[in-house]
Amino acid sequence: MEELHVLLKNRGKIRATEAQDYVDAGGYEGLRKALAMSPEEIIEVVKKAGLRGRGGAGFPTFRKMEFTYHADDPVRYIVCNADEGEPGTNKDRILLSSDPCAIFEGMAIAARAVDAHVGFIYLRAEYSYLMPTLEKALLSSKKLGYIGKDILGSGFDFEIKFRSGAGAYVCGEETALFESIEGKRGEPRFRPPFPSLKGLFGKPTMLNNVETLANLPPILKNGADWYRSIGTDNSPGTKLFTICGNVNRRGIFEFPMGVNLKDLIYDVCGGIPNGRELLAVQTGGTSGAIINASQIDMALDIDTVSASGGRLGCGTILVIDDSNCVVDIVLNNLDFFRDESCGKCTPCREGGTQLYNLVRRISEGHGTIRDLESIESLAWTLRTTSLCGLGHSTAVPVLSGIQNFRDVYLHHIDKDFCPVCAQEGGHRK
Amino acid sequence: MIHLTIDHQAVCVEEGTTILDAARQANISIPTLCYHEDQQVKAVCRICVVEVEGQTLLPTACSTPVAEGMVVHTASPKVLLARKNILSLIFARHPQNCLVCQKSGRCELQKVAQDVGMYKPISYDLELRATPEDNSSPSIRRNHQKCILCMRCVEACEKVQGLHIMDKENRGFHTIVTTPYGKKLADTSCINCGQCVQVCPTGALTIHDDTGHIYQQITVGKTLVVQVAPSVRVTLAEALGEEPGTVSTGRLVTALKRLGFHYVFDSDFSADLTIMEEGTELLRRLKGEGPLPMVTSCCPAWVKYCETYAPEYTRHLSTAKSPQQMFGALIKTCFAERAGLNPKDICSVSIMPCTAKKFECKRSEMKDSGYQDVDYALTVQELARMIQSGGICFSDLPETPFDDPFGLGSGAGLIFGATGGVMEAALRTVHTVVTGRPMERLEYEPVRGFEGVKEAAVDLDGTVVKVAVAHGMTNAKKLLDQIRTGKSPYHFIEIMACPGGCIGGGGNAPRTWKKVEARKEAIYRAEKDLPIRQSHENPAITWIYENYLGEPNSPLAHKLLHTKYVNRQDLLR
Amino acid sequence: MEQERYSYKTPASLLVEVAEIAAPYRDRPEMLMKVITRVQKIVPAFSEEVAQVIAREMNITLTQVYSFVTFYAMLSVKPRGKYIVRMCKSAPCHVRGAREVVLAIEDQLGIRMGETTPDGRFTLEYCPCLGLCDSSPAVMINDRAYGNLNTESARELIKRYIREDVE
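All values derive from a computational prediction rather than experimental measurement.

Caption draft 1: Local environment of the overall build of chain B. A count of helical and extended segments in chain B gives 19 helices and 16 strands. Taken over 573 residues, chain B has a buried fraction of 54%. Residue pairs in contact within chain B that sit at least 24 positions apart in sequence constitute 74% of those at least 6 positions apart.

Caption draft 2: Main features of the environment of leucine 410 of chain A. Residue and element names in this part refer to chain A. Inspection of the secondary structure assignment puts leucine 410 in helix α17 (residues 406-413). Overall, the presence of 15 C-beta atoms within 10 Å leaves leucine 410 in the partly exposed class. Taking the C-alpha atoms as reference, leucine 410 lies 45 Å from arginine 63; in sequence the two are 347 residues apart.

Caption draft 3: Spatial organisation of the sheet that holds strand β11 (residues 294-295) of chain B. Residues and elements named next belong to chain B. The 4 strands are arranged β11-β16-β15-β14 in an open sheet whose pairing can be described as mixed. Two strands bound the open sheet, and with one partner strand each, they are β11 and β14 (453-460). Docked against the sheet, helix α15 (residues 421-435) engages β14, β15 (463-471) and β16 (492-496), running at close to 10° with respect to β14. Each of β14, β15 and β16 touches helix α16 (residues 473-484); the most contacted strand, β15, lies at about 145° to it.

Caption draft 4: Quick peek at the packing of helix α9 (residues 267-286) of chain B against α15 of chain B. Residue and element names in this part refer to chain B. Across the interface, α9 lies against α15 with an axial gap of 10 Å and an inter-helix angle of 60°. Classified by the angle between their axes, α9 and α15 sit oblique to one another. The hand of the α9/α15 crossing is right-handed. Contacts between α9 and α15 involve Ile275, Glu278, Gly279, Leu282 and Leu283 from the first element and Ala425, Ala426, Thr429, Val430 and Val433 from the second. Of the residues contributing to the contact of α9 with α15, the split by class is 7 nonpolar, 2 polar and 1 charged.

Caption draft 5: Broad picture of the sheet that holds strand β5 (residues 238-245) of chain A. All names here are of chain A. The strand order across the open sheet built from 5 strands is β6-β5-β11-β8-β9, with neighbouring strands paired in mixed fashion. Of all the strands in the sheet, the pair left with one neighbour each is β6 (251-256) and β9 (290-292). Looking at each pair of strands side by side, their axes are set apart by 30° on average, direction ignored. Both strand β8 (residues 278-283) and β9 contribute to a ladder of 3 bridges, which runs antiparallel. Directly across from glutamine 282, in β9, lies its bridge partner isoleucine 290.

Analysis parameters
Residues numbered from 1 in each chain as written. Chains lettered and ligands numbered in written order. Predicted model: local features only at pLDDT ≥ 70, side-chain atom pairs only at ≥ 80, totals over all residues. Helix = DSSP H or I, 4+ residues; strand = E, 2+ residues; numbered from the N terminus. Buried ≥ 20, exposed ≤ 12 C-beta atoms within 10 Å, placed from the backbone. Contact = placed C-beta atoms within 7 Å. Pairing = 2+ DSSP bridges. Axes fitted to C-alpha atoms, helices over the stretch in contact; angles between N-to-C directions. Parallel < 35°, antiparallel > 145°, perpendicular 65-115°, else oblique. Left-handed = near helix turned anticlockwise from the far one by under 90°. Nonpolar A, V, L, I, M, F, W, Y, C, P; charged D, E, K, R; others polar.

Function cannot be read off these values alone, since they describe shape.
Here it is as structure tokens:
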């Protein structure tokens, strides 16, 4: 299977820090076109292209643009969410390190569309080593006049500022990210009001994932029809997939939306190593659903994956072979969520740990059917009543794991010996 | 207007109304914990979730605005299950010993648990926070284990009082609300105002309980002399379940007598004394003796704030003690002599709307009688508990007058209880002293009411005195900052730390602005009916100057009724 | 234990540097993250003295600084080692034998996860996904990332740090 490189076309081919290289490769053409258009026209192109957010929720990008553009306040912000924290994901790291100017261009186009003049890139602390590259690339883009005052003589100003995190997954949640930029604890805010109307510093803000922004330059440059010709009707364009875990070939791959999951695992990535069998796949990172081997013949686009109970999310595919145990994987996921809960709302703060305790009881062979019921009921509570997506996501691997691997849970409850969980019993926190 | 359906009832409310308010307008009650009507919406406890048709998630009623055609179910099976699960999660971190909690019976968590129907033991692991209790403060006790992280106290301290003594530490399961770097409350710049206690829904923040000491003093046969602060007569009945704003002066004296207090005096008297001393001091400062503006020193929370955050400006504070401490010094001197009592056999108690008074009476300067002038300051909440423990049916009590000789106070003394009251009382007397005639209307409206900073200019036959009144520390700070920068245009400033003044004090029953408003109405209503409404006209005041103190600011008055301030800047380090 | 946690004292000379970093951001509370991340480069921990200086210079409360520092995983109020070994705990590393690597490192350093060696050189911590999933299991030591670890290569890596055989 051939990859289709739209976002990765410059990867390894240009010097990331040199804006001139990017321009020579056709970069900043989209921005040049956008500067000749009105905000409404840009939004119309994005709408026609059908671009949807690549961070997780798959929200139509043009809607965010519209809301922000029509907001009352004249001061608006663009925020690039580079707090890539979803376990198993590193597509944004690749984009930022190999083609940062594309992100700047995407931000500038978005800024033009919503009439914003300041943009922030919020980089996770674990990626702080990318900062020098980004700073150099921004400086060289500014020197060429693509970012800064009076861009390409259009009279349009747009500045980009860098902000960094200090180790908190929840800051990938947009309102928590705003709080963090404002110098506070990264705790999400309740909604409404939505960020498009009241976001960073209380101003209308359009926040997008790195990959979403990277899609804007090619859309503006090549047009909506071209973009629509790639991918599926409901999810046009290409998608970056991070494939990790127990496969022969791991890494970032770019395919049109709708690519088949089974093909990805077996054709592109060469299947499972060491003669093992496939046990499960978790799509969309730790906050995605865990599906079993019989469910993997599935088209990877936003709606199909959502319909299966999971989410395409950031495009992470974690392949799990049969040397693992699903209960143990769920426990690992819950351990992550309980560490990363911000502690603001009750269900997530307390429920994350209680879910962990309950699943742990099962993995240790002390669980009962009643515990399984408690788990389902509690996970549902987190799913429906938590303040933000982190709490909602905590429930997804738990509920999908039980749904797709119920017999595994029952075996543990029946006190059947599980070699993986037995080993993990000695696992120390 | 927005039309929606809540629990099968058609409801019509204004745009922007939350589901919670819309439901309340329709007489449907939704349980809440972090929600407080005087505070910002937080939406963190998630108890008020409701079901909205067409949505899979359960939104919180407190934060979600209504929408046209919305169909809301506030108590569907789904909602009830979610609430039970959330409450179970809270219980799994909360001590299960409600029977021995100071808040038992008044606890909002307990109430919600009853409403939701939590009758079975929870199925989650009980895991209490390990952090120890903090009993270091003479005013406020903290118990982290009972905290449900509603964040009301943090808002009260940070937003209302501008102090930010406590906030969250850590994150996730390990989050607690605490002071930085594990400091004890007594080692922080906490001003003991008790506004955090006022809003705490559980027993996590409570008033330091001194009632045990009182019973002990009764047992050992001390003569118990008690003074009652002006505002207490309008807040005590409320703490015992009556309507906010119920005046209970006579019943309160009866109750204290029945509890075993031997002499019941009225702090309105010492408030009048404060006016004489402070008013005289003001007139002297206006003549150039001492710095201007002069700021009141009745409020111990404000005094501690000034000593901590602006020690170089304590010279602006009036040297006059607060009414509580003036009274304390007189009880163990003047009163002891007249009554033929040995001061060491007297236990001097005050009933206060205030938690900071507990701190004030323990200050080392407050021993001018040769003994600790006031032994114990009890809050309204503590007295209410003593009345309950005493089996006294407060609503049926007959009325008893205060005891002589210190049972007579003027209306001017009484209005000390509300913000602006000290100023109004002082102006009444200062006007008469300077111009030789009383103010045309004794009610001086510009300093009344709940505006954060009130100001006025009073013409005393050519001498214009500019005054300002602030309540709540964020407002007070504005006036203090003017003094700091040398830009204060005022001669006289009144500052009370609690919003609303003492009627909004931290020692009362839990406040809301609505209740404080009712208390204010009550105090001004009661004042209007009093025969004597100016401090200098109080015969008890005339008597004490003629027979004991000499004249205002006399050497003896200075010894007993004035004080010095200390530098507490170290608390910020 | 509480006492111990906060007992660390910061040298006065460092406090001067901290003040210099924070002073330009007076009355700009939104710059706290920038100040904190810069200060972190020069202090071993956000001790009370450090937080006091930041609060004083930026004109914010000590409580705000403390609450902020205790929220973020990479900031600490107690001193950590010269080398902070951050072991990825997320599923992509987990399914490729992260546990064995952890046991090997713990064994080699003689400490457990969350602890610091008595000589103050190494702190061992779990951390969430490092974004190195194409080369899991992965570890980050200070600002440098290492992937495709197994028990042998992990031991070899730690050995180099023990001998200061890194630039």
